[in-house]
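Residue-level structural notes
Listed below, chain by chain, are the residues.
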Amino acid sequence: MTFGITVKRALKRVLTAFLAAVGRLDKSLSPWDTLHRLRQHSFTLSDTVYLFHIVNAIFWLSILPSLLLKLAIPIIYTIAVLIPFTSQFFVPATPVFAWLLTYFSSRFIPVSYRPTISVVLLPTLESVLYGANISDILTRFTHPALDIMAWLPYGVAHFVIPFVVAAFLWLFRPKEVLQLWARAFGYMNLIGVLIQILVPCAPPWYELIYGLTPADYSMPGSAGGLARIDKLLHSNGYTLAFSTSPVIFGAFPSLHSACATIEALFISHFFPHTTRFIWCYVAVLYWATMYLTHHYLIDVVVGSCLAVACFYFFLPDELKGAAALASPSGLSTSVYGSGRSKYEIYDLEEPRAHRRGGRGNGNIMRDAADYDPEDLSDRESEGEEMDITFRSPVVPNGLNSATPLMKPMGQPPPRRSHSHTASIASLIRAEERAEDGWSPIGGSFVFPPHAARVQGERAAEEARSPRP
C-alpha cells in the first residue's frame with residue numbers, strides 16, 4: 001500500500017513538473033523572432049566558439065562522400081536554429097551535434113592522413129603505472145551472470161542515461177542547467193573523439209586476438225565480451241555495430257567512463273540525495289569496461305579525469321552551492337522534495353538530538369508550517385470553561401518545546417464555540433453589578449464606594465440632621 005502511494009505521488013510530481021516545463025517553452029514558430037533577438041544580442045568573446053563549430057562542420061562535411069548529406073545536414077540545422085521553438089534546444093546542443101558529426105565522419109578520413117596505430121602503448125603504461133595488466137586480470141574468469149551485470153551498464157545504460165539526465169534537468173532545474181549539461185557533455189565527447197582520432201590505440205580485445213602485432217585500419221573491430229551477450233540473446237547486434245565502428249582503435253580515453261563520470265557529477269551536484277546510487281553505477285561501469293575487454297585501466301582513469309575537468313571548467317559560480325537546488329520558474333520547490341532537511345539533501349548523519357526524537361530548529365520550522373493559529377482557541381473552547389483569570393499559559397497535553405500546538409492531520413475541524421465571548425461579556429457586566437453591591441468573587445471583597453453614591457448619602461444625612 002505504501003509503495004503504491006509513493007509511486008502515485010512520484011508520478012504526480014513528474015506530471016506537474018512536465019506541465020510546468022512545457023509552459024516555460026518558447027512556442028513561437030516565427031523566424032523573425034529569432035532574427036530580432038539576434039540583432040539585439042550583445043556579442044562577447046565566448047561567442048567566437050561558434051566560429052570553431054563552423055570550421056569543424058565545414059571540414060567534416062567536405063569529406064563526406066554523399067552530396068545529399070552535405071546539403072541536408074546544414075539545411076536542417078539552419079532551419080532548426082531559425083525557428084524559436086526548436087532553437088531553444090538546438091543552439092545549446094551544438095557541441096553534441098559537433099561531436100556526433102566528428103565521430104561518424106571520421107571513418108572517411110583518408111588512410112594516408114591517419115596516424116599510426118599504437119598497440120603496445122596502453123599495456124606498457126598499465127604495467128608501469130599499476131604493476132600489472134589489470135584488464136587482463138579481470139577477464140581471466142567469465143560467467144554468464146557477470147556478462148549480464150557488465151552488459152547492462154556498458155551496452156544499455158550508457159546510451160539511455162544521458163537522455164534521462166537531460167530530462168530530469170529540464171523538468172526540475174532551471175534551463176541554464178540543461179544548457180550546461182549539453183555544453184559540458186558535448187565538449188567532453190568532442191575532445192575525447194579528437195584524441196582517439198589523433199592518438200589511435202588498440203583496445204584489450206586486439207591483444208587477445210592478434211597479440212602485439214602491428215595494426216592497420218583495414219582490420220575489423222570486435223565486440224569483445226559483448227559477443228557473449230550476442231550469443232546469449234541469439235543475435236549479432238553488438239558484433240555488427242563494433243565491427244563497423246567509425247573509430248575502431250579508440251580505446252584511449254574511455255568515453256564510457258567519461259560519460260558515466262560526468263553523469264554522476266551532474267546528478268550528485270543537482271540532486272544530492274541520489275549521490276550514493278549514481279556512483280555505485282559508475283563503479284560497476286568502470287569494472288565492465290575492462291571485464292568486456294574494451295578498455296585498459298589507464299583509459300578509464302584518463303576518461304574520468306576528462307569528465308571532471310569539463311564539469312568544473314563549465315560549471316558557473318551561479319550554479320554552485322544552494323543555487324544548484326533552485327527550482328525553475330513556475331514550479332514550487334515542494335513538488336520534487338526540496339522541503340527535506342539539510343541532512344537528507346546532503347546525505348549527512350543527523351545530530352544525536354534529532355535521532356533521539358529531539359526537537360531541533362529544522363523540526364520546529366517544519367512543525368510551524370502546519371500550525372493553525374485559530375485552532376489553539378478552538379481546542380481550549382471545547383469542554384468545560386476555565387476561569388480566564390487563573391488560566392495557565394501552558395497548553396494542556398502540549399509538546400515539550402516552544403513549538404505551537406499542531407493541528408493533527410486527517411481530523412475534522414473542531415466545533416466552533418462562543419464560550420470565550422460569553423466569559424468576557426460576563427466579566428464586563430460584573431463591573432456594572434458591582435455598583436449595586438454584587439461581587440462575583442465573594443462577599444469578603446468590598447468594592448470602593450462610588451463617588452456619586454457618597455455625595456447622595458452625605459446630602460441625606462444633612463437633610464435629616466436638625467438645624468441650629
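**Comments concerning the packing of aromatic side chains**
For the structure shown, the criterion picks out 20 aromatic pairs. On the basis of an interplanar angle of 10° and a centroid distance of 5.4 Å, the ring pair of Y187 and F314 is categorised as stacked. Taken together, the positions of Y187 in helix α10 (residues 175-198) and F314 in helix α16 (residues 297-314) put the pair 127 residues apart, joining distant regions of the chain. Judged by centre distance (6.1 Å) and plane angle (70°), the rings of Y206 and F249 are edge-to-face. Pair noted here: Y206 is in helix α11 (residues 204-210) and F249 is in the loop between α13 (237-243) and α14 (255-270), with a separation of 43 residues, a long-range link.

**A short note on the confidence of the model for the chain**
When pLDDT is averaged along the chain, the result is 79; 70% of the residues meet or exceed 70. Predicted confidence for residues 398-405 stays below pLDDT 50, and this span has twelve contacts to residues more than four positions away or in other chains. Note on residues 439-445: pLDDT under 50 across the span, and three contacts to partners over four residues away in sequence or across chains.

**Description of the pattern of salt bridges**
Applying the stated criterion across every chain yields a total of four salt bridges. Between R140 and D136 there is a salt bridge; the shortest N-O distance is 3.1 Å. A residue is classified by how much of its surface remains accessible, and R140, at 64% relative accessible area, is exposed. Here D147 and R228 are joined by a salt bridge, their closest N and O atoms 3.0 Å apart. Here D147 is found in helix α9 (residues 144-172), whereas its partner R228 is found in helix α12 (residues 226-233), with 81 residues between them in sequence. The buried category is assigned to D147, whose relative accessible area is 6%.

Procedures and definitions
- Counting restarts for each chain: residues are numbered from 1 in the order of the written sequence.
- For a predicted model such as this one, the threshold for reporting local features is a pLDDT of at least 70, and the threshold for listing and counting side-chain atom pairs is 80 or more; totals across whole chains, interfaces and linings nevertheless cover every residue.
- In computing side-chain values, all of the structure's heavy atoms are included and hydrogens and water are not.
- Aromatic rings from Phe, Tyr and Trp, with only the six-membered ring used for Trp, were paired whenever their centres fell within 6.5 Å, and each pair was classed as stacked if the ring planes differed by under 30 degrees, edge-to-face if by over 60, and tilted otherwise.
- Under the scheme used here, helices are H or I runs from DSSP no shorter than 4 residues and strands are E runs no shorter than 2 residues, and both carry numbers assigned from the N terminus.
- pLDDT is a per-residue confidence score from the predictor, ranging from 0 to 100.
- Note on contacts: a residue pair qualifies if any of its non-hydrogen atoms lie within 4.5 Å across the two residues.
- Here a salt bridge means any side-chain nitrogen of Lys or Arg lying within 4 Å of a carboxyl oxygen belonging to Asp or Glu.
- Each residue gets one of three labels from its accessible area relative to the maximum for its type: buried under 20%, exposed over 50%, partly exposed in between, using a 1.4 Å probe on protein chains only.

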